[in-house]
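Examining the three-dimensional arrangement
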Amino acid sequence: MTARPVPAVVRWRARAARQGVAVLIAALALAVLALFDLITGPSGMTPGALWHAALAGPEGADRAAATIFWQIRLPQLCMGLIVGASLGLAGLLMQTILANPLASPFTLGFSAAAGFGAALAIMGGALVPLPLPGWLLTPFLAFTATLTATALVWLVARARGTAPETLVLAGIAVMFFFQSAQSLMQFMASPEVLAQIVFWLFGSLLKANWVAVSVSGTILLVCLPLLARDLWALTSLRLGEAHAAALGLDVAALRRRAFLITALLTAGAVSFTGTIGFVGLIAPHVARALVGEDHRLGLPAAAIAGALILIAASVTGKMLSQGAAIPVGIVTAVAGVPMLLAVILSRKGV
Amino acid sequence: MKLATLATAVALSLTPALVHAHEMITDLDGRMVMIHGTPERVALGFYYEDYLAVAGPEGAAKIVSLSRAPWADWRPNQWAAYTKVFPALETLPDFGNADDNTFSVEALIASKPDVAILSTWQTAALGEPAVKQIENAGITVVAIDYNAQTLERHLLSTRILGAVMGQPERAEQLAAMYEAKTADTVARIANAVPSGKKIYVELAQKGPGEVGNTYGKGMWAGVIDLVGGENIAKGQIENWGPLSPEFVIAAQPDVILLAGSEWKNKPEAVLLGFGETDEAAQPKMAAYAARSGWADLPAVKNREVYGIYHGGNRTLSDFVYARTVAKALYPEAFADVDPAAELVEYYKAWLPVAPDGTFVTKLQ
């Protein structure tokens, strides 16, 4: 009796099940890590004390404990999850539409633009007469500047098409423009203000609050259904532009849509926390290593991987320095290098 | 206008007879703050010396946490002098530095203070939500501001410190002293013949090989404006930044101020402040004076080159530095004023340490 070859559909189903389990395990790991993040912090409160604070609610009688749990740790955790997921998603989208494994949400100049906007706000709200309190001005201008950068790249894409080379070149031009504008701001800034700008660029979760969580969270929630519509189309695009077009896909329109969603996710993520690097570059690679090219699983996996990396960095930062937390962006940058190497080395010959 | 009303409000609330367990003050952020009795536990963000001057001998023991970097890292020798007297400072929890985004509201709350005394630059960097977080934990937040370097805000900050720490009389005496010294400086200048001397300030941190920052507005420029000097950087530099060396030579300054501090690992800097000596500062200042093209400047020819402590600004003892600059511009009007001696006197009267070191000097 000769063994009959297993039908392709069965093999495919088995693989899909394996990948589904991988995503599930990653999600579980994220949940555990999130819990760990919640119980670590400079105040050194015991898990028991935190549990009581959680049960007592935001209005609990122990004001210090209630504030630490409900006003500080919980929004920081939520912010970490949202920003990590947004950057992970944005990273995968960017790598897909640019067909480039080196792309990240910041490739097309979004981070430089956000940094410029933040620098402008930090330099002096007086320059920009808006009826906003100082703490909202920075995220607002970072967001606006990112959308301006998006619009610039978009205009080029409208005029010259959405081929990856065109997008990348337009993006690099925009990036250099905003970087030089940002350098000019830094040159003009006094030492104290300069320090604030530089540290904003590092990215940190320390200033998270519920307003920030609801703004960034809403942007993420709005983007998710928009992305869901294009899951198949994005997967086809990974086959290559010619294949996708042969399948009847309007590649240019798809690229433009995905590009806008990426911009929105990135702007939402970095406006409140600063430009947290590497997450958007590495999370997509982790996601592909877990589930391959299918974006139906790839996008959730990238979101989970992004959140996982950021929360892991947050926990590490809190453990490294007890009192004054190291900005999480520095930890992701330092930890990102070995992670990227690990991803590269673990890749089977492509 | 608004500030004047604030000042009156604070002054009224400070009449000794009116000091009750509960009182409402308006801090330098313009927030209304309810003071519940004299605090036993204080989280201190900045203005450490001014806090200690107003709070008096018991003040140090009440500090339960602080923003450590602006003291220990920015003024290491001053920090050493105070930790010698109050060793407990060394082990206090640190809640981070607002300047570099490491300020941890959680660490501050965890130290369970009754009141958090912060600078307005700290509350501004933190943002309103973070200040609310601290208040939600049942901690009174008070913002004060000596950075503005104005008489009005110096006096208000001092009186607020007095009200918060239950030391209104001490605060009033300090405020009166500061106001009197400033008034005396201004009066002497008003009566003197206008000097018309051109003055150049440089932050002498990077060594003579590199041009350091000068000040067009605020900080030393503010002091020069107060004493009516002609600042060559005015109109050239917005706030602070380096002037071109060529411009400095062309401007022919009559007086040069080299601002020095207790910097670490700056071998060529003019080191001044706690624990620094004049013998060590002289050759460093001479190296600046020996810059190419400087030998013929009126300031260098007439030996009108001064070293002045950069850390001396934005604090209650800064009247000393205003008088140093004024004396350089109007030597006759200030002939009987000895700024260095006034600094020693101030520390003796108000602070638990002596200013052992060099704070103002002149190139020999």
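Higher on the page you've got the structure.
Report on the accompanying structure. Since this is a predicted model, take the numbers as computed values, not measurements.

**Quick notes on the overall build of chain A**
- When its secondary structure is counted, chain A shows 14 helices and zero strands.
- Along chain A, helices and strands appear, N-terminal first, in the series α-α-α-α-α-α-α-α-α-α-α-α-α-α.
- A globule of 350 residues ought to have a C-alpha radius of gyration of about 20 Å, and chain A, at 21 Å, matches this closely.
- For chain A, the spread of C-alpha atoms along the three principal axes comes to 75 × 55 × 35 Å.
- For chain A, the residues scored as buried account for 51% of the 350 residues in total.
- Here the contacts in chain A between residues at least 6 apart in sequence split such that 78% fall between residues at least 24 apart.
- Surface accessibility of chain A: about 15,900 Å² in total, with carbon and sulfur atoms responsible for 72%.
- Looking at chain A, you have 20 positive and 10 negative side-chain charges, and the mean spots of the two groups are 10 Å apart.

**Focus on the packing of aromatic side chains**
Residues and elements named next belong to chain B.
- Counted according to the given criterion, the structure contains 24 aromatic pairs over all chains.
- Ring geometry for tryptophan 71 versus tryptophan 79: centroids 5.2 Å apart, planes at 70°, classification edge-to-face.
- A residue is classified by how much of its surface remains accessible, and tryptophan 79, at 6% relative accessible area, is buried.
- Centroid distance tyrosine 309 to tyrosine 321: 6.5 Å. Interplanar angle 55°. Geometry classified as tilted. Of this pair, tyrosine 309 sits in strand β13 (residues 305-309) while tyrosine 321 sits in helix α15 (residues 319-329), and the two are 12 residues apart along the sequence.
- For tyrosine 309, a relative accessible area of 2% translates into the label buried.
- Among the residues examined, tyrosine 321 registers a relative accessible area of 1% and is labelled buried.
- Site record: aromatic cluster; members linked through ring pairs are Phe46, Tyr47, Tyr48, Trp71, Trp74, Trp79, Tyr82, Trp121 and Tyr146.
- Above the plane of the ring of tryptophan 294 lies arginine 291, whose end atom (NZ or CZ) is 4.9 Å from the centre.

**Some points on the sheet that holds strand β3 (residues 42-44) of chain B**
Residues and elements named next belong to chain B.
- Spatially, the four strands line up as an open sheet ordered β4-β3-β5-β6, and their pairing is parallel. With one partner strand each, in any of the chains shown, β4 (63-66) and β6 (140-144) form the two edges of the open sheet. Strand-to-strand twist across the sheet, computed as the mean angle between neighbouring axes with direction ignored, equals 25°.
- Of the strand pairs in this sheet, β3 and β4 are connected by three bridges, and their pairing is parallel. Looking across to β4, one finds that alanine 43 is bridged to serine 65.

**Things to note about the side chain of threonine 140 of chain B**
- Among the secondary structure elements, threonine 140 of chain B is positioned in strand β6.
- Aside from chain neighbours lying at most four places away, what touches threonine 140 of chain B is Val33, Met34, Ile35, His36, Asp114, Val115 and Ala116 of chain B.

**Concerning the interface of chain B and chain A**
- Counting residues at the interface gives 26 residues for chain B and 28 residues for chain A.
- A buried area of about 2,300 Å², summed over both sides, lies between chain B and chain A, and 58% of it is on carbon and sulfur atoms.
- Our enumeration of links across chain B and chain A arrives at one salt bridge.
- Where arginine 73 of chain A meets glutamate 106 of chain B, a salt bridge forms, and the shortest distance between an N and an O atom there is 2.3 Å.
- Those elements giving two or more residues to the side of chain B that touches chain A turn out to be α6 (105-110), α7 (120-126) and α8 (128-136) of chain B.
- It is α6 of chain B that provides the largest number of residues to the side of chain B that touches chain A, a total of five residues.
- Classifying every residue of the side of chain B that touches chain A gives 10 nonpolar, nine polar and seven charged.

**Let's talk about the packing of helix α13 (residues 295-320) of chain A against helix α14 (residues 328-346) of chain A**
Residues and elements named next belong to chain A.
- Viewed as axis vectors pointing N to C, α13 and α14 meet at an angle of 115°, and their least axial separation amounts to 9 Å. In this structure, α13 meets α14 at a crossing whose hand is right-handed. Contacts between α13 and α14 involve Ile309, Leu310, Ala313, Ser314, Thr316 and Gly317 from the first element and Val328, Val331, Thr332 and Met339 from the second.
- Residue composition of the contact of α13 with α14, by class: six nonpolar, four polar and no charged.

**Quick word on a nonpolar patch on the surface**
- Taken together, the side chains of Val337, Leu341, Ile344 and Leu345 of chain A make up a nonpolar region of the molecular surface, amounting to roughly 410 Å² of accessible area.
- Along the chain, leucine 341 of chain A falls in helix α14.

**Brief notes about the pattern of salt bridges**
All names here are of chain B.
- By the definition in use, this model includes 21 salt bridges over all chains.
- Across the salt bridge formed by arginine 188 and aspartate 184, the nearest N and O atoms sit 2.9 Å from each other. Here the residue arginine 188 and the residue aspartate 184 both occupy positions in helix α10 (residues 168-191), the gap between them amounting to four residues, near one helical turn.

Definitions and cut-offs
- Residues numbered from 1 in each chain as written.
- Chains lettered and ligands numbered in written order.
- Predicted model: local features only at pLDDT ≥ 70, side-chain atom pairs only at ≥ 80, totals over all residues.
- Heavy atoms only, no water.
- Helix = DSSP H or I, 4+ residues; strand = E, 2+ residues; numbered from the N terminus.
- Rg over C-alpha atoms; globule rule 2.2 N^0.38 Å.
- Buried < 20%, exposed > 50% of the residue type's maximum accessible area, 1.4 Å probe, protein only.
- Contact = heavy atoms within 4.5 Å.
- Areas by Shrake-Rupley, 256 points an atom, 1.4 Å probe, with all protein chains shown as cover.
- Lys, Arg positive; Asp, Glu negative; His and termini not counted.
- Charge placed at Lys NZ, Arg CZ, Asp CG, Glu CD.
- Phe/Tyr/Trp six-rings, centres within 6.5 Å; stacked < 30°, edge-to-face > 60°.
- Lys NZ or Arg CZ within 6 Å of the ring centre and 35° of its normal.
- Pairing = 2+ DSSP bridges.
- Axes fitted to C-alpha atoms, helices over the stretch in contact; angles between N-to-C directions.
- Buried area = accessible area lost by both parts, 1.4 Å probe.
- Salt bridge = Lys/Arg side-chain N within 4 Å of Asp/Glu carboxyl O.
- Nonpolar A, V, L, I, M, F, W, Y, C, P; charged D, E, K, R; others polar.
- Left-handed = near helix turned anticlockwise from the far one by under 90°.
- Patch = residues over 30% accessible without salt bridge, like charges linked within 9 Å, V, L, I, M, F, W, Y side chains within 5 Å.

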